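Listed here are the chains, written in short residue letters.
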Amino acid sequence: ADLAEGGALRHARHRYRHVETLVVGGGPAGRTAATKAADNGDRVLLVDERHVLDDPPTGPDVTAMPNATALGVYDDGYVVVHERVRTTETIWHIRAANVVLATGALERPIAFAGNDLPGVMLAGAAVAYVERFGVAPGDRTVVFATNEWGLTAAEILHGAGVEVARTVDARNGEAVTEARGDAGVEEVAVRNGDGTIEVVDADLLVISGGWNPNLTLWRSIGGGLRFRDTSACFVPDGGPSWLSGTGASAGELPASCPVPFLA
């Protein structure tokens, strides 16, 4: 079939594949899982939605497929994957004896007044500006964190020339109560551990509220959940025998404390 997209024709097709192990996610945990399965003699397919995979696993029975998104996981290891290569769209119907989800985790925002102002960023996004693109996301920042990673992000920003005016550590009873400004962040209201309010001038507010495992595919096939207090999130707990998780999507996350909304 030919599909019109922006005036260009794209060819669509369906393909079928059988493997012993399908790994969804090409990060470090996914690559490790794929290599381990291949070492056990499995035919392995690793899929990842990114255009380029860093250090993909190799071997005669290992296939790494970038530009490929797992759309759904269904009964008995049946997975539908959408692959995009130049002018061709391929829907793969994959049967796997074992499906390993290495889909990572999503960094959590924190609720406070004005948290939708331009200049409020997740710590992971701010660090990506610096490390991936060589761009400082602001001149003077407040960093609000519930975990050690947020403080590490402050150090990275400082090393890139961003002035860190204040770190706010929720584990010490501190919290940001409001981001203020017109077109963007201009100042940040901070509640100290003793209950007093401090106002800090800043054009950037970096926040890290911890992480939630990316469990969309896990839940779609009926995988169970349980709440973990130490990371303040739900993690996998029970599912089909042929389905497993690894890395952050399996709940391998740093400790993080919850933060209540402060009006």
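See the structure printed just above.
Residues numbered from 1 in each chain as written. Predicted model: local features only at pLDDT ≥ 70, side-chain atom pairs only at ≥ 80, totals over all residues. Heavy atoms only, no water.

Draft legend 1. Summary view of the sheet that holds strand β10 (residues 140-145). Strands sit in the order β9-β15-β10-β11 across an open sheet of four strands; the sheet is parallel. Unpaired on one side and paired on the other, β9 (120-122) and β11 (163-169) mark the two borders of the sheet. Across the sheet, the mean angle separating the axes of adjacent strands is 25 degrees when strand polarity is ignored. Inspection of the sheet shows β10 paired to strand β15 (residues 204-208) by five bridges, in the parallel sense. Looking at the pairing, Ala145 lines up with Ser208 of β15. The strands touched by helix α2 (residues 123-133) are β9 and β15; relative to β9, the strand with the most contacts, the crossing angle is about 90 degrees. Each of β10, β11 and β15 touches helix α3 (residues 148-159); the most contacted strand, β11, lies at about 175 degrees to it. (Pairing = 2+ DSSP bridges. Helix = DSSP H or I, 4+ residues; strand = E, 2+ residues; numbered from the N terminus. Axes fitted to C-alpha atoms, helices over the stretch in contact; angles between N-to-C directions. Contact = heavy atoms within 4.5 Å.)

Draft legend 2. Representation of the side chain of Ser249 within the structure. Looking at the element boundaries, Ser249 is found in the segment after β19 (243-245). Within the local environment of Ser249, its side chain forms a polar contact with the backbone oxygen of Thr246, the two atoms lying 3.0 Å apart. With near-sequence residues (within four places) excluded, Ser249 lies in contact with Leu101, Ala102, Thr103, Gly104, Pro213, Asn214, Leu215 and Pro236. (Polar contact = N/O pair within 3.5 Å; in protein donor to acceptor, adjacent residues only side chain to side chain.)

Draft legend 3. A look at the side chain of His93. As for its position among the elements, His93 is in strand β7 (residues 88-101). Among the polar contacts made by the side chain of His93, one reaches the side chain of His14 at a distance of 2.9 Å. Apart from the residues within four sequence positions on either side, His93 is in contact with His14, Arg15, Tyr16, Arg17, Tyr78, Val79 and Val80.

Draft legend 4. Layout of the nonpolar core. Among the nonpolar cores identified, the biggest contains 22 residues, and Leu22, Val47 and Val81 are the most heavily contacted of them. Residue assignment for this core shows that the elements contributing at least two residues are β2 (8-24), β3 (44-47), β5 (68-74), β6 (78-85), β7 and α4 (216-220). The element best represented in this core is β7, accounting for five residues. With sequence-adjacent residues up to four places away left out, Leu22 is seen in contact with Leu45, Val47, Val79, Ile94, Ala96, Asn98, Val99 and Val100. (Core = buried A, V, L, I, M, F, W, Y, C linked by side-chain atoms within 4.5 Å. Buried < 20%, exposed > 50% of the residue type's maximum accessible area, 1.4 Å probe, protein only.)

Draft legend 5. Molecular detail of the packing of α2 against α3. In contact at an axis separation of 10 Å, α2 and α3 are set at 30 degrees when each is read in the N-to-C sense. Considered as vectors, α2 and α3 are oriented roughly parallel to each other. The way α2 lies across α3 gives a crossing that is left-handed. The residues of α3 that touch α2, namely those facing Ala123, Gly124, Ala126, Val127, Val130 and Glu131, are Trp149, Ala153, Ile156 and Leu157. Looking at the contact of α2 with α3, its residues break down into eight nonpolar, one polar and one charged. (Parallel < 35°, antiparallel > 145°, perpendicular 65-115°, else oblique. Left-handed = near helix turned anticlockwise from the far one by under 90°. Nonpolar A, V, L, I, M, F, W, Y, C, P; charged D, E, K, R; others polar.)

Draft legend 6. A look at the packing of aromatic side chains. Applying the stated criterion to the full structure yields three aromatic pairs. Centre to centre, the rings of Tyr74 and Tyr78 are 5.7 Å apart; their planes meet at 40 degrees, and the pair counts as tilted. On the basis of relative accessibility, which here comes to 39%, the residue Tyr74 falls in the partly exposed class. A residue is classified by how much of its surface remains accessible, and Tyr78, at 22% relative accessible area, is partly exposed. Residues Phe112 and Phe144 carry aromatic rings whose centres are separated by 6.4 Å and whose planes lie at 55 degrees to one another, so their mutual orientation is tilted. Here the residue Phe112 occupies a position in the loop between β8 (105-107) and β9, and Phe144 occupies one in strand β10, the gap between them amounting to 32 residues. On the basis of relative accessible area, Phe112 is assigned to the buried category, the value being 4%. (Phe/Tyr/Trp six-rings, centres within 6.5 Å; stacked < 30°, edge-to-face > 60°.)

Honestly, that's just the spatial picture; any functional story needs more than this.
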